[in-house]
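Topology and contacts: notes
This is what each chain is made of:
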Amino acid sequence: MKRKGILIVVSGFSGAGKGTLMKKLMETYDNYALSISMTTRQPRQGETDGKEYFFVTEEAFLQKVSQEGLIEYAQYCGNYYGTPRAYVEKQLEAGKDVILEIEIQGALKVKERFPDTLLLFVMPPSAAELEKRLRGRGTETEENISKRLQRAKEEAEGIENYDFIVINDNLESCTEQMHSIICAAHYTPDRNAEFICDIRKELEEGMKRSGM
Ligand code: ADP
Ligand code: 5GP
């Protein structure tokens, strides 16, 4: 049976450690393809165009939207973020599990369009630790830290829409937990409908042949 890739959305509050977790997951396992989003936000120090994001102008972003080149897009703290369609379709076709690290509005749009999507939410061990990580990263202004913490409060109201939470306390065990959940998700009946249908047909034919 050819293994089909599944679409996985990973969301979580800013500073919870999504980027760090994704890096670890990609380094540890080779069946994942991480989608690179397009954004109008400015690159942070150390970020490279085409690696963490495709950094574009608002005009270029809206052009991509009008060409239907994005699976979903949303605004977050004053900037646009969106998922380029072509890469996702190609990798799923190739049997990879494709990960979208996106915020909650985008996550819900993806789930609506592709109901098979597995939705994971990364939690920090505590709110205090979240703030510590966000500050400790040293990438945001005080104004941005406040906006992102405010946004976290809003996003917290939507966690029940997700299939699983993972708690990023210890990075290694959280990576393992996430990988285990994804492995298990491959074996739900709805993701194996074709296989189940084939077995049913074979059972039916077998019974007919033996005159039952
Ligand atoms: P996000 O992508 O969710 O905004 P990052 O991956 O940038 O978060 O992580 C925010 C900060 O927290 C970074 O400085 C990162 O090194 C740190 N961090 C991530 N995971 C852990 C962890 N398990 N324990 C301690 N610090 C962590
Ligand atoms: P950051 O600026 O910290 O890199 O990302 C801010 C938020 O935007 C994060 O919650 C991140 O998951 C989300 N994000 C990144 N790419 C996309 C995308 O393509 N679509 C949507 N909807 N959100 C995204």
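Okay, so let's go over this structure. (Residues numbered from 1 in each chain as written. Chains lettered and ligands numbered in written order. Predicted model: local features only at pLDDT ≥ 70, side-chain atom pairs only at ≥ 80, totals over all residues. Heavy atoms only, no water.)

Here we have five strands laid out as an open sheet, ordered S2-S7-S1-S8-S9, and parallel in their pairing. Because the sheet does not close on itself, it has two edges, and the strands there are strand S2 (32-34) and strand S9 (164-167). Averaged over all neighbouring strand pairs, the angle between strand axes comes to 30°, with direction disregarded. Along the sheet, helix H3 (residues 85-93) contacts strand S1 (7-12), S2 and strand S7 (97-101); its crossing angle with S7, the most-contacted strand, is approximately 150°. Strands in contact with helix H7 (residues 171-185) are S1, S2, S7, strand S8 (118-123) and S9; relative to S9, the strand with the most contacts, it is inclined by about 160°. (Pairing = 2+ DSSP bridges. Helix = DSSP H or I, 4+ residues; strand = E, 2+ residues; numbered from the N terminus. Axes fitted to C-alpha atoms, helices over the stretch in contact; angles between N-to-C directions. Contact = heavy atoms within 4.5 Å.)

Here the focus is the packing of helix H5 (residues 127-137) against helix H6 (residues 142-156). For the pair H5 and H6, interaxial distance at closest approach is 11 Å and the crossing angle is 150°. By the angle between their axes, H5 is roughly antiparallel relative to H6. As for how H5 packs across H6, the hand of that crossing is right-handed. Here H5 contributes Leu 130, Glu 131, Leu 134, Arg 135 and Arg 137 to the contact with H6, which in turn contributes Glu 142, Ile 145, Arg 148, Leu 149 and Ala 152. Broken down by class, the residue content of the contact of H5 with H6 amounts to five nonpolar, no polar and five charged. (Parallel < 35°, antiparallel > 145°, perpendicular 65-115°, else oblique. Left-handed = near helix turned anticlockwise from the far one by under 90°. Nonpolar A, V, L, I, M, F, W, Y, C, P; charged D, E, K, R; others polar.)

On the surface, a cluster of negative charge is contributed by Glu 194, Asp 198, Glu 202, Glu 204 and Glu 205. Tracing the chain through its elements places Glu 194 in helix H8 (residues 193-209). (Patch = residues over 30% accessible without salt bridge, like charges linked within 9 Å, V, L, I, M, F, W, Y side chains within 5 Å. Areas by Shrake-Rupley, 256 points an atom, 1.4 Å probe, with all protein chains shown as cover. Salt bridge = Lys/Arg side-chain N within 4 Å of Asp/Glu carboxyl O. Lys, Arg positive; Asp, Glu negative; His and termini not counted. Charge placed at Lys NZ, Arg CZ, Asp CG, Glu CD.)

Among the five residues in S7, four count as buried, and that is most of the element. Here S1 runs beside S7; their pairing, made up of four bridges, is parallel. When the bridges of S7 are listed, Val 10 appears paired with Glu 101. Two strands pair when backbone bridges link them, and S2 and S7 are joined in this way by three bridges, in the parallel orientation. (Buried < 20%, exposed > 50% of the residue type's maximum accessible area, 1.4 Å probe, protein only.)

Around ligand 2, the surrounding shell holds 16 residues, and the nearest of these are Ser 37, Arg 41, Tyr 53, Tyr 81 and Glu 103. Within the contact set of ligand 2, a nitrogen atom lies 2.8 Å away from a side-chain nitrogen or oxygen of Glu 72. One nitrogen or oxygen atom from the side chain of Thr 83 is found 3.3 Å from an oxygen atom belonging to ligand 2. Computed on the free molecule, ligand 2 has an accessible area of 510 Å², of which 96% lies beneath the protein chains in the complex. Listing elements by their share of the shell around ligand 2, those giving two or more residues are strand S5 (70-76) and strand S6 (79-84). Of the residues in the shell around ligand 2, the class split is five nonpolar, four polar and seven charged. (Near = heavy atom within 4 Å. Polar contact = N/O pair within 3.5 Å; in protein donor to acceptor, adjacent residues only side chain to side chain.)

Okay, the pattern of salt bridges next. When their charged atoms lie close together, side chains carrying opposite charge are able to pair. A complete count under the given rule lists 15 salt bridges for this structure. Close ionic contact of Lys 24 with Glu 172 constitutes a salt bridge, the shortest N to O distance being 3.7 Å. Placement of Lys 24 in helix H1 (residues 18-28) and of Glu 172 in helix H7 is noted, with a sequence separation of 148 residues between them. The class of Lys 24 is partly exposed, set by a relative accessible area of 24%. Residue Glu 172 is classed as partly exposed on the basis of its relative accessible area of 42%. When the shortest N-O distance is used, the salt bridge between Arg 148 and Glu 140 registers 3.5 Å.

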